[in-house]
Amino acid sequence: MPIFSVKHTTVYRYTQPVTFGEHRLMFRPRDSFDQRLLDHALFVDPEPKEIGWIHDVFGNCVAVIDFNGAADELRFVTDIRLDHTPQHAPDFRIDDAALSYPFSYNPDEATDLTQTIERHHLDDGDEIGKWARQFVSAKGHTETGKLLMTLCYAIHESFIYSRRTESGTQPPLMTLHLRRGTCRDFALFMMEAVRSLGFAARFVTGYVYVPNRDDTSVVGGGSTHAWCQVYLPGAGWVEFDPTNGIVGNRDLIRVAVARHPGQAIPLSGSYCGSASSFLGMTVEVKVVREAGINKGASPPRLSA
């Protein structure tokens, strides 16, 4: 299986020394059957007073960092290595009762999934719901896996990826109107679209491996990446990356999952000083597959 190495550097710069409040950092991938953390390291400059670790409400691993003193630059560098087992679509082991849409989650699962099924954003005219229902067969039953894959590919093929310097995620209805956005925007839009159909969905933040940086069929490299998961009875949480049209976990490294994007911010914190002191920030992410690992032929990549 391939072994990936990830180096993630974030630098904040200021016009003069400022003091720093608590910072929270999500960089440690979630250990699972399809990705196993081999090593991790965290470097912070200036040297922090204390680094603590917690698990949040979703079980994500969060580093909590406290500081002393002042500085005009704050730097975070993280290194991880992990063993990654790719799973390719359409290997969905869906329960027979859920092979066709519509279906109902069983009561035990539905209780825990409720908040991930509910829509989170205003859409008075149900425009997103109408957009999603165009992929449902008029005959009354649609193959569940095919429905979700088609919806994912439709976003990939008819929406335009565009990097945005502003923080945050734009409302899904805006994404539908603009037909343009970032990976976070597309992930949230797909979540709201499948939720309008009654599916449970959650947000994922992490990294994407881009084999060739000149390959424009894969976007989202060079920074953190975002996609979503949809819960399917029997198959569990299945990865859907509408930005790249990827179904399954191929080339995707999960770091954190959440009910909405605001709960999965890779790095957050504060500083004490004037607003004009902040010069800006730079982020650089390098994801490499280690040489000599998994020399067999790679699976075909979905076209852009």
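Caption draft 1: Structural detail: the sheet that holds strand β13 (residues 236–241). Strand order across the open sheet formed by 5 strands is β14-β13-β12-β11-β15, with antiparallel pairing between neighbours. Two strands lie at the open edges of the sheet, namely β14 (246–247) and β15 (252–258), each paired on one side alone. Inspection of the sheet shows strand β11 (residues 200–208) paired to β15 by 6 bridges, in the antiparallel sense. For phenylalanine 203, the partnering residue across the bridge sits in β15 and is alanine 258. With respect to the sheet, helix α5 (residues 183–195) is in contact with β11, β12 (225–232) and β13, its orientation differing from that of β12 by roughly 15°.

Caption draft 2: Structural detail: the packing of aromatic side chains. In the structure shown here, the tally under the stated rule is 20 aromatic pairs. Ring centres 5.4 Å apart and planes at 85° place the aromatic pair phenylalanine 103 and tyrosine 105 in the edge-to-face group. Judged by relative accessible area, phenylalanine 103 falls into the buried class, the value being 16%. For tyrosine 105, a relative accessible area of 11% translates into the label buried. Taking the ring centre of tryptophan 237 as reference, the NZ or CZ of arginine 202 above it sits at 4.1 Å.

Caption draft 3: Up close: the sheet that holds strand β5 (residues 61–66). Read across the sheet, 4 strands follow the order β4-β5-β2-β16 without closing on themselves; strand pairing throughout is antiparallel. Either end of the sheet is taken by a strand with one partner, and the two such strands are β4 (50–55) and β16 (267–268).

Procedures and definitions
Residues numbered from 1 in each chain as written. Predicted model: local features only at pLDDT ≥ 70, side-chain atom pairs only at ≥ 80, totals over all residues. Heavy atoms only, no water. Pairing = 2+ DSSP bridges. Helix = DSSP H or I, 4+ residues; strand = E, 2+ residues; numbered from the N terminus. Contact = heavy atoms within 4.5 Å. Axes fitted to C-alpha atoms, helices over the stretch in contact; angles between N-to-C directions. Phe/Tyr/Trp six-rings, centres within 6.5 Å; stacked < 30°, edge-to-face > 60°. Buried < 20%, exposed > 50% of the residue type's maximum accessible area, 1.4 Å probe, protein only. Lys NZ or Arg CZ within 6 Å of the ring centre and 35° of its normal.

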